[in-house]
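What the coordinates show
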Amino acid sequence: MTRGTARPVSARAFRRARRTLVGGVDSPVRSFRAVGGDPVFMRAGRGAYLTDVDGRRYLDLVHSWGATILGHAPRPVVRAVEAAVKRGLTYGTPTVGEHELGERIVRACPSIERVRFVSSGTEAVMTAVRVARAATGRSKVIKFEGGYHGHSDGLLAKAGSGAATHTVPDSAGVPAAIVGETLVAPYNDVEAFRALLDEHADEVAVVVVEPVAGNMGVVPPVPGFLPGLSQAAHEAGALVVMDEVITGFRLRRGTSHETLGGNADLVTLGKVIGGGLPVGAIGGRARWMDLLAPEGPVYQAGTLAGNPVAMAAGAATLDALTPTSYRQLERTAASFERVLAEEAERAGIERYCLQRVGSMSTVFFCAGPVVDFAGAQRSDRKRYARFFHAMLDHGVYLPPSPLESSFVSTATGPRDVPTLRRAARAGFAAAQGGSS
Ligand SMILES: *Cc1c(COP(=O)(O)O)cnc(C)c1O
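Residues numbered from 1 in each chain as written. Predicted model: local features only at pLDDT ≥ 70, side-chain atom pairs only at ≥ 80, totals over all residues. Heavy atoms only, no water.

Looking only at helices and strands, the protein chain has 14 helices and 16 strands in total. Expected size for 436 residues packed as a compact globule is a radius of gyration near 22 Å; at 21 Å, the protein chain falls within 12% of this value. Taken along its principal axes, the extent of the C-alpha atoms in the protein chain is 55 × 55 × 45 Å. Nonlocal contacts in the protein chain, meaning residues at least 24 apart in sequence, comprise 71% of its contacts between residues at least 6 apart. Surface summary for the protein chain: the accessible area is close to 18,400 Å², and the carbon and sulfur share equals 52%. (Helix = DSSP H or I, 4+ residues; strand = E, 2+ residues; numbered from the N terminus. Rg over C-alpha atoms; globule rule 2.2 N^0.38 Å. Contact = heavy atoms within 4.5 Å. Areas by Shrake-Rupley, 256 points an atom, 1.4 Å probe, with all protein chains shown as cover.)

Read from one edge of the open sheet, 7 strands run 4-12-11-10-9-5-8, paired in mixed fashion. The strands lining the two open edges of the sheet, one partner per strand, are strand 4 (114-118) and strand 8 (182-185). For this sheet the average axis-to-axis angle between neighbouring strands, irrespective of direction, equals 20°. Set on the sheet, helix 4 (residues 96-108) makes contact with strand 4 and strand 11 (266-269); between it and strand 4 the angle comes to about 125°. Across the sheet, helix 8 (residues 225-235) lies against strand 5 (140-144), strand 9 (204-209) and strand 10 (239-243), angled at about 145° from strand 10, the strand it touches most. (Pairing = 2+ DSSP bridges. Axes fitted to C-alpha atoms, helices over the stretch in contact; angles between N-to-C directions.)

It is worth spelling out the site of the ligand at this point. Around the ligand lies a shell formed by Ser120, Gly121, Thr122, Tyr148, His149, Gly150, Glu210, Asn215, Asp243, Val245, Ile246 and Lys271. Backbone polar atom of Gly121 to an oxygen atom of the ligand: 2.8 Å apart, as the coordinates give it. Backbone polar atom of Tyr148 to a nitrogen atom of the ligand: 3.2 Å apart, as the coordinates give it. A class-by-class count of the residues in the shell around the ligand yields 3 nonpolar, 6 polar and 3 charged. (Near = heavy atom within 4 Å. Polar contact = N/O pair within 3.5 Å; in protein donor to acceptor, adjacent residues only side chain to side chain. Nonpolar A, V, L, I, M, F, W, Y, C, P; charged D, E, K, R; others polar.)

Now for the pairing of strand 9. Among the 6 residues that make up strand 9, 6 are buried, leaving the element largely enclosed by the rest of the structure. Note: strand 5 against strand 9, 3 bridges, orientation parallel. Bridge assignment links Ile142 to a residue of strand 9, and that residue is Val207. Judged from the 4 bridges that link them, strand 9 and strand 10 form a sheet pairing that is parallel. Across the sheet, Val207 pairs through a bridge with Val240, a residue of strand 10. On the question of chirality, the crossover connecting strand 9 to the parallel strand 10 by way of helix 8 is right-handed. (Buried < 20%, exposed > 50% of the residue type's maximum accessible area, 1.4 Å probe, protein only. Right-handed = clockwise from strand over helix to strand, strands pointing away.)

It is possible for side chains bearing opposite charge to pair when their charged atoms get close. Tallied over the full model, the rule gives 15 salt bridges. Between Arg104 and Asp319 there is a salt bridge, and its shortest N-O distance comes to 2.8 Å. Here Asp319 lies in helix 10 (residues 308-320) and Arg104 lies in helix 4, a separation of 215 residues in the sequence. Taking the shortest distance from any N to any O, the salt bridge between Asp380 and Arg383 comes out at 3.5 Å. (Salt bridge = Lys/Arg side-chain N within 4 Å of Asp/Glu carboxyl O.)

Take helix 11 (residues 323-346) next. With 24 residues, helix 11 extends 35 Å between its outermost C-alpha atoms, agreeing within 8% with the 34 Å of an ideal straight helix rising 1.5 Å per residue. Turning to helix 11, its buried residues number three or more, namely Ser325, Tyr326, Leu329, Thr332, Ala333, Ala334, Ser335, Phe336, Val339, Leu340, Glu343 and Ala344. Those residues of helix 11 hidden inside the fold are in contact with strand 3 (57-60), helix 10, strand 13 (353-357), strand 14 (360-364), helix 13 (381-393) and helix 14 (417-432). Note on helix 11: the residue one or two positions beyond its end, Gly348, has a positive phi of about 75°. (Expected span 1.5 Å × (residues − 1).)

Pairing geometry for strand 2 (residues 49-52) and strand 3, over 3 bridges, is antiparallel. Following the sheet pairing, Thr51 is matched in strand 3 by Arg57. The hairpin turn running from strand 2 into strand 3, its antiparallel successor, is 4 residues long, and Gly55 in that turn takes a positive phi close to 90°. Where strand 3 lies against strand 15 (residues 396-397), 2 bridges are found, and the strand directions are parallel. Looking at the pairing, Asp60 lines up with Tyr397 of strand 15.

Here we come to the domain arrangement of the protein chain. The domains assigned to the protein chain are domain 1 (1-69 + 381-406) and domain 2 (75-320). Centre-to-centre, using C-alpha coordinates, domain 1 lies 28 Å away from domain 2. The partner domain 2 presents 12 residues to the 8 residues of domain 1 that form the contact. Summed over both partners, the interface of domain 1 with domain 2 buries about 790 Å², with 59% contributed by carbon and sulfur atoms. Between the two partners, domain 1 and domain 2, sit 0 salt bridges. At the boundary of domain 1 with domain 2, the tally comes to 2 residue pairs in polar contact (both at pLDDT 80 or more). Residues of the side of domain 1 that touches domain 2, tallied by class, amount to 4 nonpolar, 3 polar and 1 charged. (Domains from an automatic or database assignment. Buried area = accessible area lost by both parts, 1.4 Å probe.)

Side chains of Arg12, Arg15, Arg16 and Arg19 sit close together on the surface and give a patch of like positive charge. With respect to the helices and strands, Arg16 occurs in helix 1 (residues 8-20). (Patch = residues over 30% accessible without salt bridge, like charges linked within 9 Å, V, L, I, M, F, W, Y side chains within 5 Å. Lys, Arg positive; Asp, Glu negative; His and termini not counted. Charge placed at Lys NZ, Arg CZ, Asp CG, Glu CD.)

This part takes up the nonpolar core. Core analysis: the biggest nonpolar cluster contains 95 residues, and Ile105, Phe249 and Phe387 have the highest contact counts within it. Take this core: its biggest share by element is 8 residues, from helix 10. Residue-level mapping places this core at the junction of two domains, with at least three residues from each of domain 1 (1-69 + 381-406) and domain 2 (75-320). The contact partners of Phe249, leaving out residues within four places of it in the chain, are Ile69, Arg104, Ile105, Ala108, Cys109, Gly254, Leu269, Val272, Ile273, Leu318, Leu321 and Tyr326. Counting 21 residues, the second largest nonpolar core, distinct from the first, contains Ala132, Val141, Val206 and Val208. (Core = buried A, V, L, I, M, F, W, Y, C linked by side-chain atoms within 4.5 Å.)

The structure is reproduced here in C-alpha cells:
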C-alpha cells in the first residue's frame, strides 16, 4: 500500500496543511482515515481525469461527490463562469441568474413550484425541515438509518442500541434534546416506518429520505418503499422531504422520486445543480414554500445565497445536460459495472456486490443485495481499503471510504475502460490477498 512515499509533493502538502487545517482537510472523508494512508492533493481536473500535485493522473470516480456531472472544467460551464466573474462576484441584491436557474428547475421538476437557493445541501435540508415544522405545527422528524442529510444538529442522529425508537447524537456537541426530536427508521422497511409513525401519531412533522440512498453506499429503494412511506406520512399529516441532493439531475433531468413512486411536498437539491460551485436549493409546492420569509413567518437567509457566479455555473450545467447525456451516463456506468464484475470474478472474489442506479454505484465486499445500513456495514472494510489503494496506485480515484457512492460523468466513456480494467485487476487481486 502506498503511504505517501510515491507522492512526495502531496505528502509534503499534507504535512503542511495539518499545521493549519484540522486534520489537514476541510471535510473529514477527504482525510483517507477510512482507508488509511495520506490523502492525495489534486491540482487540476479535466474531463474524466484529475491530476495530483506530483503530476500523476487519475480516472476520477468521485467527481466531487457527484457535483461535476459533466466532468472537470467543462467548456460551457467554465465559459459561463468566466463571463459572470467578469461582471462581478456578488452584489447582495437580486440578480436575474437566480430566477433563470430557478425556472430551469421548476420546468424539470413536477413537485417544485417555488425555489429558494442556499449555498449547501446541509442548509437546504435544514430549511426544508423548518418549513415542514412550521407547516404542521409539529416538531418530530423521521430519517432513515444510513441516510445523510448534511451536518445540521437535528439530522446528526442515529438509532440507539436499545429500544427501537431511541435516538442518540451521531456527533459530539449535538444535544440529546435536539436529536430527541429525530426518530430513526431502517431504510427500505415500510412496516417499521409505519410502526414508528403510529407510536408518535400527531407529533411527526416530516420524514426526510434519499429516494436512492447514496451515503451508505448506493442502496436503491425496494419497490413499494417510497410510495408506502409517502402515503403513510401523508395519512399521518406529516410532510415528505425527498432529499435529492445527489439524485436531482443526476439520474434524469429533474428529480427522481416520482419515477420511483415517491410523493414529495418538499425537495432538496445540491451538488449537480451548482455545476461545481456551492449551491443548494429547497423546492416544493408554493403552499409550503411561501411559508418562507419574506412571504411567510419562517426565517431563512444567506449572504451569498443565489451567488451570481454559482447561478451561472448551475444554469450552464443544466443546459448542457441533454437526454443524450443521461443515456451516455447509463451506458458508461453499465460498461464499468461489467468490467468490475468480470475482474472480481477473475480474482475469485466471492463476497462481492456492485449496486448501481444510473451513474451512481458502490462496490460492496459482502454478499448482496444490500438493502439497508445494517447490510451495508457488512461490507469488508479492510478489503475495500486494499482495493482502494491498489486502484489509486493504478490511476483510478475511488471514494476514500467503503460506504460512499462512486460517480461517472458525461466526460467518462469507453476510452477509459482499459484504465479501469487494469486498475480493477490490481485492485481485486489486492482485495483478495492479505488477511481479512
Ligand atoms: C451531500 C449531501 C447533503 C449535504 O450537502 P452539502 O452540500 O455537503 O452540505 C445532503 N443530503 C444528501 C443526500 C447529500 O448527498
